[in-house]
Amino acid sequence: MIVLIPFPGLWFTSVVYSVETIQSWCYQQGTFMSEKTLFQRIADRDIPADILYEDDTCVAFRDIAPKAPVHVLIVPRDPIPSLDHLTEAHEPLVGHLFTVARQVAASEGLIRGYRTVFNCGEEGGQEVPHLHLHLLGGRQMSWPPG
Ligand code: AMP
């Protein structure tokens, strides 16, 4: 499909681009034309990830930049932006995320312990605006966290 992009008052500079070209630019800039979050795209297999577990509610995959020998993200399919957006209706979902974290910890052999973390908002260190539970293990954790 061809798209005409007019510049107001400068009709002569209007440019014709293909949708594929525009999508390519969006990909290069780290954005995409769809409404999906990064983690929805992983859950939908639009982009690759090392998926360890999935069900109708959530998906668990290895973090691309691990902060511990085992670093897994447990992500609801529902693109809730953050902990701040949870309501009482989400309580079963949150419980399920922890149950999955425990199962993944067991399957990853984390018998000596592990840590789970929800980062929330800018000061909480959240970078991806789609709720996710970090599961970290395989090394001694320190406290307080950075
Ligand atoms: P947070 O800072 O709590 O929002 O955590 C986001 C996490 O997502 C970080 O630990 C990133 O390393 C991780 N991450 C970002 N992009 C990807 C990706 N494509 N696949 C797996 N993990 C990712």
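One can find the structure itself at the top, above this paragraph.
Attention here is on the structure that accompanies the text.

The rules behind each value
Residues numbered from 1 in each chain as written. Predicted model: local features only at pLDDT ≥ 70, side-chain atom pairs only at ≥ 80, totals over all residues. Helix = DSSP H or I, 4+ residues; strand = E, 2+ residues; numbered from the N terminus. Buried ≥ 20, exposed ≤ 12 C-beta atoms within 10 Å, placed from the backbone. Contact = placed C-beta atoms within 7 Å. Pairing = 2+ DSSP bridges. Near = placed C-beta within 6 Å. Nonpolar A, V, L, I, M, F, W, Y, C, P; charged D, E, K, R; others polar. Axes fitted to C-alpha atoms, helices over the stretch in contact; angles between N-to-C directions.

Time to look at the overall build of the chain. Assigned secondary structure in the chain consists of three helices and seven strands. The order of helices and strands in the chain, counted from the N terminus, is β-β-α-α-β-β-β-α-β-β. In the chain, buried positions account for 18% of the 146 residues. By sequence separation, contacts in the chain at least 24 residues apart represent 51% of the contacts at least 6 residues apart.

Two elements, strand β3 (residues 51-54) and strand β4 (residues 58-62), share three bridges in a ladder whose sense is antiparallel. Pairing of Glu54 across the sheet is with Val59, part of β4. As consecutive antiparallel partners, β3 and β4 are separated by three residues.

This part is about the site of the ligand. All residues in the neighbourhood of the ligand are listed as Leu38, Ile42, Ala49, Asp63, Ile64, Ala65, Leu73, Asn119, Gly125, Gln126, Glu127 and Val128. A per-class count over the shell around the ligand returns seven nonpolar, three polar and two charged.

Let us now look at the sheet that holds strand β5 (residues 70-76). In space, the five strands of this open sheet follow the order β3-β4-β5-β7-β6, with antiparallel pairing throughout. At either margin of the open sheet sits one strand with a lone partner, and together these are β3 and β6 (114-117). Sheet twist, expressed as the mean angle between neighbouring strand axes with direction ignored, is 20°. Judged from the five bridges that link them, β4 and β5 form a sheet pairing that is antiparallel. Bridging from a neighbouring strand, Ala60 pairs with Ile74 of β5.

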